[in-house]
Amino acid sequence: MMRALFLLVSFLILLPAAGAADEVCVGEYCYDADDSGSFYQSYLFSTTSNAFDIVMIGDGYTEAEMDKFIASATVMADSFITINPYAAESCAFRIWIVRLISEDSGIEVEGSSTWGNQDTALDAVFGDGMNITVDFDKVWKAVDSSAVPGSDFVCVLVNDPSGNDGAWAYQSERVCLVTGAWPWGVTMAHELGHLIANLGDEYQCVQCDQSAGFLTTADWTRTYSEATVAAADQIDNPNLATDIGVLGWQAEINPNQILPSHALNVCSGTTVGAWEGGGKYRYGVWRSEEYCIMDGWQCPSEDHFCYACSSALAAAILPCATAFPDCAYIPFKAPRLLRARSLPPELRIPFAEDTHIEIDIPPCWTCIPDSTDVPGPPLPETYGVGIVIQNLPEGTRVAVYTSMLDLVAEQVASANGSVEITFEADTLKRYFLTLDIPAGNEGMLVNTMLSINGAQVDL
Ligand SMILES: [Zn+2]
């Protein structure tokens, strides 16, 4: 212990002094220059020069906050690239983190004392709840002045003092905006889905603001009609259809499936079909699966692109990736993390190291009822859920969380390897199970059983 401490102290002393980097200005933009004079750092997945270049740049970060910006940008890039199809085609991306300095810390937030009072490099503002805007001309000038090697798309991380969580994509500007305080890769994956593949939002509300209580009935019941929306607002995305008879993913639908798809007739949210709602409409728009990263509201922990989105993204990315067979393929940054879409009856422990597994508890029982004959917000119902897991390695932690990461229940497996968890599930929430398995148990078979209101469910 003392030796480790001594080594750590020696290491710290040998590091260059913090703050050695210099602020260098080019025109009206100032950057944190490294020892070589560069204003950016690479976060490469591709060794090719013709990949998609994604620039991550901050607004509202002072020079003293540059480490905070780099940490957020790195976490976001690190986790976005583990999500398919980006992960499978990670060789198609190069990521550049540009260290742009703002005079003031924090962007302006409407309704707060910062409004009209902040001097930030890109003039990003947080207005009206989740709505972030920026001066696009400044974004591109700041990117160009940084001499970054490529810039197909720009993600601006805003330093937001209010802790708001919001993200926007402006497709015609090739710019997305995300909050640095919430560096979720899934958010970047969603916004890049808009920019790279023209994916539409799959959520069904306009405000999507859970903090204001539940959605208003007017928001919840909007019906899309091509005849009444302005031409500019008509839905034209590969992952959405406005005619259930003309679905871009029709060939993938089992002909025996009753359409529209519904939790009552298809007991899996991952079944490709015609699920109603999307493009900020509740009715009259169809999507290919119940859950998708492009639906950012119902499933905040969701990390899965639906069939239509995956296909459109893969088509947009592949021409870049396949042109360079020598590209450096880095499949996953976190190999010990496994995510599963549904609880399997048997699970083989995949890794020799400490392993963290996250499994969605089947959505049939815990998703919001999706019935077109419900005129307003659905009423919550509860189910008694029981999960039994057998043959677990001793010391495995088993827990259930809501999709908002509230801990519902937890247990640690003892020597007999059996754990039973029961909890009351609310239909307005989604739940997932986590297993934290100690190292050295690769290949072991774990058995799971699920019961709903006391009746065992086929897995
Ligand atoms: Zn989708």
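Owing to the predicted nature of the structure, the values given are computational and were not obtained by experimental measurement.

### Side note on the environment of Thr271
On the secondary structure map, Thr271 appears in the loop between helix H5 (217-220) and strand S13 (275-278). For Thr271, a count of 18 C-beta atoms within 10 Å corresponds to the partly exposed category. On a C-alpha basis, the gap between Thr271 and Ser261 in space is 8.4 Å, while along the polypeptide they are ten residues apart.

### With respect to the nonpolar core
Buried together is how nonpolar side chains tend to be arranged in soluble globular proteins. If you look at the biggest cluster of nonpolar residues, it comprises 89 residues, and the most contacted ones within it are Met56, Val98, Cys155, Val156 and Leu177. Domain assignment of the residues forming this core places at least three in each of domain 1 (16-197) and domain 2 (210-291). Among all residues touching Val156, those that are not within four sequence positions of it are Ile57, Asp59, Leu122, Ala124, Val134, Val139, Val175 and Leu177. With 21 residues, the next largest nonpolar core counts Ile349, Ile361, Val400 and Leu435 among its residues.

### Quick notes on the environment of Gln390
In this fold, Gln390 is placed in strand S18 (residues 382-390). Here the alpha-carbon distance between Gln390 and Leu445, two residues 55 residues apart in the chain, equals 9.0 Å. The contact partners of Gln390, leaving out residues within four places of it in the chain, are Gly417, Ser418 and Asn447.

### So, the sheet that holds strand S3 (residues 40-44)
Read across the sheet, six strands follow the order S3-S5-S4-S10-S12-S11 without closing on themselves; strand pairing throughout is mixed. Two strands bound the open sheet, and with one partner strand each, they are S3 and strand S11 (167-170). Taken over all neighbouring pairs, the strand axes of this sheet differ in orientation by 20° on average, direction set aside. Judged from the four bridges that link them, S11 and strand S12 (residues 175-179) form a sheet pairing that is antiparallel. When the bridges of S12 are listed, Ala167 appears paired with Val178.

### So, the pairing of strand S23 (residues 445-452)
Pairing between strand S16 (residues 346-348) and S23: three bridges, direction antiparallel. If you follow Glu346 over to S23, its bridge partner there is Asn447. In this sheet, S23 lies alongside S18 in antiparallel orientation, the contact comprising six bridges. Residue pairing across strands places Val385 opposite Ile452, the latter belonging to S23. Looking at chain direction, S23 and strand S24 (residues 455-457) are connected through three bridges and run antiparallel. What sits directly across from Leu450, in S24, is Val457. Between S23 and S24, which follow one another and run antiparallel, lie two residues, and Asn453 among them has a positive phi close to 50°.

### Regarding the packing of helix H2 (residues 66-80) against helix H4 (residues 185-197)
Closest axis-to-axis distance for the H2/H4 pair is 7 Å, and the angle between their directions is 70°. By the angle class used here, H2 and H4 are roughly perpendicular. For H2 against H4, the interelement crossing comes out right-handed. Facing Met76, Ser79 and Phe80 of H2, the residues of H4 in contact are Gly185, Met188 and Ala189. The residue makeup of the contact of H2 with H4, split by class, is four nonpolar, two polar and no charged.

Criteria and cut-off values
Residues numbered from 1 in each chain as written. Predicted model: local features only at pLDDT ≥ 70, side-chain atom pairs only at ≥ 80, totals over all residues. Helix = DSSP H or I, 4+ residues; strand = E, 2+ residues; numbered from the N terminus. Buried ≥ 20, exposed ≤ 12 C-beta atoms within 10 Å, placed from the backbone. Core = buried A, V, L, I, M, F, W, Y, C linked by C-beta atoms within 7 Å. Domains from an automatic or database assignment. Contact = placed C-beta atoms within 7 Å. Pairing = 2+ DSSP bridges. Axes fitted to C-alpha atoms, helices over the stretch in contact; angles between N-to-C directions. Parallel < 35°, antiparallel > 145°, perpendicular 65-115°, else oblique. Left-handed = near helix turned anticlockwise from the far one by under 90°. Nonpolar A, V, L, I, M, F, W, Y, C, P; charged D, E, K, R; others polar.

As far as function goes, none of this settles anything; it's purely spatial.
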